[in-house]
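Structure at a glance
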Amino acid sequence: MENLLEAWREFLRGKRGRVDVQEFSLRFMDNLFALHRDLANRTYRHGGYQAFNISDPKPRNIHKASVRDRLLHHAVYRVLYRFFDRKFVADSFSCRIGKGTHKALARFRAFAYKASENNTKTCWILKCDIRKFFASIDQEILMNILKRHVSDESVIRLLKEIVSSFYSTEKGKGLPLGNLTSQLFVNIYMNEFDQFVKHKLKAKYYIRYADDFVVFSRDKQWLKYILPVIENFLQEKLRLELHPDKISIETLASGVDFLGWVHFTNHRVLRTTTKRRMFRNITEKQGKFEMIQSYFGLLKHGNCNKLLSCIKNHIKAMAGSAKN
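Okay, so let's go over this structure. Since the model is a prediction, treat every value here as computed from it, not as a measurement.

1. Things to note about the pairing of strand β5 (residues 212–217)
Counting buried positions along β5 gives six out of six residues, so the element sits mostly inside the fold. Where burial is concerned, the two faces of β5 agree: the one with D212, V214 and F216 and the one with F213, V215 and S217 are both buried. As defined by bridge partners, strand β4 (residues 206–209) adjoins β5 across four bridges and the pair is classed as antiparallel. Bridged to I207 within β5 is V214. Linking β4 back to β5 in an antiparallel pair, the connection comprises two residues, with A210 at a positive phi of about 60°.

The structure is reproduced here in structure tokens:
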């Protein structure tokens, strides 16, 4: 009960005004005791999902569970995260406390300097992206991984109930993007790959963020050699495929696109498509203050003085035309 109550406090942040959350709150203690009773009696059954689409920026299909089920996700996550996070490699940055995109970008820059010996040697970077990442997770493989770490049969039964509550293209495939537990499950799943790259391939400079990963080396031929080895491991062990159009081996000097930025030897600039989307959003939303401030915060992480000036001029021009 204590874990469920703490999970509810965490779940409520930013959601108090939502209708489904308010409805659950009306009979909160009854709902909480009922959930606890089902868990204690091992009769808990996960409900269905509400599907909707978002663009962030590319279209994504989100599946949202009921408040009751999302509360359970938080309770499970609170226990499992602490247990599994210490097993992950240091250079996995997605959906982890104290990590995130900014830390991944900083690590990218640090590895670039080390691999190129402070820009005195040519540095090659293998960049890959996994195709249809969440939709391709094999649930049986995921459960086998979980069983290797969790011995309690009641917990495994509960995790299987959550995992099997959804499928994408076929039964036993995929995890829903909307579940908090999915963020942890994909990191547990991909930790198999992280460990392989670090300890079998001996990749010293490796970074993964969700389904994107990069490997740095001064030896281009070695990167060419490990690419089919990586593809084989992902296919054989995890039933995942690399996106054929998003595989590249490029020098840092020519620019490497990673996490929305194009990275060069001494600087990074925002991806062209991101710039266009930024100006389009500013125009459509008439320079909304909160959005502008978030963009200014984003641009601080790169070499964007010229872009900042263009945005400010664009806002001034919009303000001038509005007056006229």
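2. Some words on the side chain of R78
Position of R78 relative to the elements: it lies in helix α4 (residues 67–85). Within polar-contact distance, the side chain of R78 engages the side chain of N3 at 2.5 Å. Not counting residues up to four positions away in its chain, the partners in contact with R78 are N3, E6, A7 and E10.

3. Focus: the state of the cysteines
Evaluated as defined, the whole model comprises zero disulfides. Of the cysteine sulfurs around C128, a residue in no disulfide, the closest is that of C123, at 15 Å. Under the relative-accessibility criterion, C128 is labelled buried at 0%.

4. Some points on the packing of aromatic side chains
Aromatic ring pairs are described here by two measures, namely the spacing of the ring centres and the angle between the planes. Inspection of every chain in the model, using the stated rule, returns 17 aromatic pairs. Ring plane angle 65° and centroid distance 6.4 Å describe the contact between F24 and F28, whose orientation is recorded as edge-to-face. When sorted by exposure, F24 lands in the same class as F28, which is buried. Relative to F134, the ring of F133 has its centre 5.6 Å away and its plane inclined at 75°; by these criteria the two rings are edge-to-face. Taking the relative accessible area as the measure of exposure, F134 reaches 19% and is therefore buried. In this structure an aromatic cluster arises from ring pairing among F108, F111, Y205, F216 and F258. A cation over a ring is seen here: K15 above F11, with NZ or CZ 4.7 Å from the ring centre.

Definitions and cut-offs
- Residues numbered from 1 in each chain as written.
- Predicted model: local features only at pLDDT ≥ 70, side-chain atom pairs only at ≥ 80, totals over all residues.
- Heavy atoms only, no water.
- Buried < 20%, exposed > 50% of the residue type's maximum accessible area, 1.4 Å probe, protein only.
- Helix = DSSP H or I, 4+ residues; strand = E, 2+ residues; numbered from the N terminus.
- Pairing = 2+ DSSP bridges.
- Polar contact = N/O pair within 3.5 Å; in protein donor to acceptor, adjacent residues only side chain to side chain.
- Contact = heavy atoms within 4.5 Å.
- Disulfide = S-S within 2.5 Å.
- Phe/Tyr/Trp six-rings, centres within 6.5 Å; stacked < 30°, edge-to-face > 60°.
- Lys NZ or Arg CZ within 6 Å of the ring centre and 35° of its normal.

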